[in-house]
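Understanding the architecture of this molecule
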Amino acid sequence: MKNVLVIGSGISGMSASISCAEKGIKVIMVSPFPSERAQSVMAAGGINAALDNADDGDSIESHVADTLKGGCYIAGEESVQGLCKSGPEIIEWLQSLGTVFNMQNDGKLAQRCFGGHSHSRSCYAGASTGKQIVSAMVMECRRYEALGLIDRKPWYDFHSALIKDGKCYGALLYNEAFRTLEPVYADAVIIATGGQNALFGKTTGSTQCDGYTAGRLFMQGAELKNLEFIQYHPTTLETPQKKMLVSEAARGEGGRLYYLDDDGSRVYFMENKYGAQGNLMPRDVVAREIYNTCKDVFLDVSFLGSDVIDERIPEVRDLCLKYRGIDISRESIPVTPSVHFFMGGLAVDNRHETNIKNLYAVGECASMYHGANRLGGNSLLAAVYSGRVAAEAIYDSGDSDCSSETTDFAGPDDNPGTTASGDLDALFSNYIEGEKKRLMESMESASKFPVMYIRDMVSESMWSLLGIVRDEDTLNKGIEDMDYYLSIADNLNYDSSVLPYFNYSLVGILTLAKATLISAKSRKESRGAHFRSDYPETLDEYKAATIISFDDGEFRTRLDKEKRYER
């Protein structure tokens with residue numbers, strides 16, 4: 001029986017774990033928090049599927065076309081087709097688990113339209129679709145836990161992968177309870193750790209998603225893809241703690257964006273420029289138009305009336321009232337763009353395997369389906385689908401099966417006769433002891449600058465220098481900032497009052513930040529969520545994914561014109 005280690009317990013991690021368990025594969029699922037605290041619960045608007053009961057003219061082919069167009073034609077057509085074809089079956093499966101979607105009066109699923117979609121195809125549960133899906137999937141995971149096929153281990157953090165000669169044999173984990181590093185070996189490792197929100201400070205997402213795992217794996221040889229494509233959601237509500245997402249559902253229900261002219265009259269700028277459906281242009285377009293107004297922008301849904309608001313977007317009503325005291329049935333919502341989603345991440349093939357054998361990535365941390373810009377409602381679909389794809393690939397792989405019920409895993413030479421975990425302990429003993437020693441030494445610094453202070457400085461740099469509009473000068477300044485922070489990282493004050501994870505993760509986070517800036521600098525054009533004021537045109541020569549690799553401290557970028565990662 002094979003053994004799989006899943007890092008992350010959000011929707012993509014649970015999807016991978018459930019799919020593995022269904023096939024009789026044993027899973028160890030680790031994360032620092034329970035699934036109920038994963039960023040997945042924040043997903044608001046809906047999950048896409050071209051259903052039989054959809055409005056006239058919708059089809060899987062139309063869903064594929066919208067996704068490819070929204071991603072500016074650098075997502076792989078074959079992979080996008082697989083994603084969109086899976087939609088109807090995934091909706092049916094989620095319902096069977098207990099996900100409660102909104103229904104129409106005729107008993108069919110209700111669906112709403114999101115920006116960039118040609119039809120209403122987003123199934124939703126009010127504006128808390130992610131929370132509903134997480135709740136249903138948690139119960140399914142618990143069923144497999146009771147059967148002994150999923151072993152859930154909370155309060156563990158990823159430290160590094162155990163890699164030898166281009167193959168992954170497990171991971172080194174940080175145990176928060178005992179503050180120690182522990183190796184866990186497996187036939188395959190699935191990374192499901194989300195995006196890089198903490199790089200930018202206050203975003204719509206969770207700061208638990210800090211990008212460290214991708215950064216550390218990058219330093220260990222994993223390639224990254226399309227890091228420059230960072231989606232700014234056009235409508236968020238500013239609060240002292242974070243940017244609260246004002247779901248695209250509000251505009252899907254008819255919400256209108258406007259600013260006040262000098263005479264106090266409303267200017268519906270999106271409708272004026274793009275017509276009646278202007279408020280539902282793709283997110284990158286709306287975010288740039290808001291940026292270009294140089295004015296305070298508002299979203300009005302008051303004309304919908306209290307009954308419609310209460311029925312269709314109650315969460316938007318609640319968050320505006322709770323955090324800003326705004327009654328959206330009477331007042332407009334002040335909105336501003338904010339970092340929301342990362343199209344870039346670990347580069348994976350159609351099986352969701354990275355360039356390191358037996359190392360997979362799923363969900364937002366993997367770059368696959370969204371190209372240069374994600375359509376609303378596709379992220380939840382991709383989270384579920386990608387977990388299934390990775391599980392299927394592992395099940396179909398030709399590696400030798402494990403021979404032990406608990407700790408005997410595939411050996412370093414793929415020989416069934418060398419499957420004992422002791423062989424792997426010997427193989428990685430020097431590395432593990434070295435990492436333990438470095439972790440202890442890092443706590444002995446006497447610098448006056450604590451790690452958390454530097455992390456705050458990094459987010460300020462990234463927010464100001466890698467924004468909705470960027471250019472060569474701002475990107476160079478960002479790279480200089482990251483170089484400086486990296487140069488002092490080993491001499492910082494590693495505060496004992498915070499978890500050691502925040503200390504050892506700094507270099508990986510800084511490395512990822514620098515890789516993101518370098519990727520943005522290398523793409524000398526504007527496409528989707530990447531807009532260069534010094535290169536405003538979209539060029540055919542850049543109609544490919546950006547791949548960045550790390551070799552002996554050197555960052556190397558290339559365009560994937562051979563479609564290694566795009567099928």
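About the thresholds
- Residues numbered from 1 in each chain as written.
- Predicted model: local features only at pLDDT ≥ 70, side-chain atom pairs only at ≥ 80, totals over all residues.
- Heavy atoms only, no water.
- Helix = DSSP H or I, 4+ residues; strand = E, 2+ residues; numbered from the N terminus.
- Rg over C-alpha atoms; globule rule 2.2 N^0.38 Å.
- Buried < 20%, exposed > 50% of the residue type's maximum accessible area, 1.4 Å probe, protein only.
- Contact = heavy atoms within 4.5 Å.
- Areas by Shrake-Rupley, 256 points an atom, 1.4 Å probe, with all protein chains shown as cover.
- Lys, Arg positive; Asp, Glu negative; His and termini not counted.
- Charge placed at Lys NZ, Arg CZ, Asp CG, Glu CD.
- Axes fitted to C-alpha atoms, helices over the stretch in contact; angles between N-to-C directions.
- Parallel < 35°, antiparallel > 145°, perpendicular 65-115°, else oblique.
- Nonpolar A, V, L, I, M, F, W, Y, C, P; charged D, E, K, R; others polar.
- Pairing = 2+ DSSP bridges.
- Disulfide = S-S within 2.5 Å.

Let us look at the overall build of the protein. Along the backbone of the protein there are 16 helices and 22 strands. The globule rule puts the C-alpha radius of gyration for 567 residues at 24 Å, and the 23 Å found for the protein is close to it. Seen along its three principal axes, the alpha-carbon backbone of the protein occupies a region of about 75 × 55 × 45 Å. Within the protein, the proportion of its 567 residues that are buried is 60%. Once local pairs closer than 6 in sequence are excluded, the contacts in the protein between residues at least 24 apart make up 70%. When the accessible surface of the protein is summed, it comes to about 21900 Å², and 48% of that surface belongs to carbon and sulfur atoms. Computing the positive centroid from 58 side-chain charges and the negative centroid from 80, the protein places the two 1 Å apart.

What follows covers the packing of helix 3 (residues 77-97) against helix 11 (residues 378-396). Two numbers describe how helix 3 lies on helix 11: the axes approach to 10 Å, and their chain directions differ by 95 degrees. Here helix 3 is positioned roughly perpendicular relative to helix 11, judged by the angle of their axes. Seen from helix 3, the contacting residues are Gly82, Leu83, Ser86, Gly87, Glu89, Ile90 and Trp93; seen from helix 11, they are Leu381, Ala382, Val384, Tyr385 and Arg388. When grouped by side-chain class, the residues that make up the contact of helix 3 with helix 11 number 7 nonpolar, 3 polar and 2 charged.

The next subject is the sheet that holds strand 7 (residues 156-164). Strands sit in the order 7-8-9 across an open sheet of 3 strands; the sheet is antiparallel. For this open sheet the edge positions go to strand 7 and strand 9 (180-185), each flanked by a neighbour on one side alone. Direction aside, neighbouring strands of the sheet carry axes that sit 30 degrees apart on average. One ladder, built from 6 bridges, connects strand 8 (residues 167-175) with strand 9; its direction is antiparallel. Each bridged residue has a counterpart across the sheet, and for leucine 173 the counterpart in strand 9 is glutamate 182.

Looking now at the state of the cysteines. For the coordinates displayed, the defined rule picks out 0 disulfides. You can see cysteine 209 has no disulfide; the closest cysteine sulfur is in cysteine 365, sitting 9.3 Å from it. With a relative accessible area of 9%, cysteine 209 lands in the buried category.

Its identity as a non-glycine residue notwithstanding, asparagine 226 has a phi of 55 degrees, on the positive side. Residue class for asparagine 226 comes out buried when judged on its relative accessible area of 2%. With a phi angle near 70 degrees, asparagine 358 is a residue other than glycine that sits in the positive phi range.

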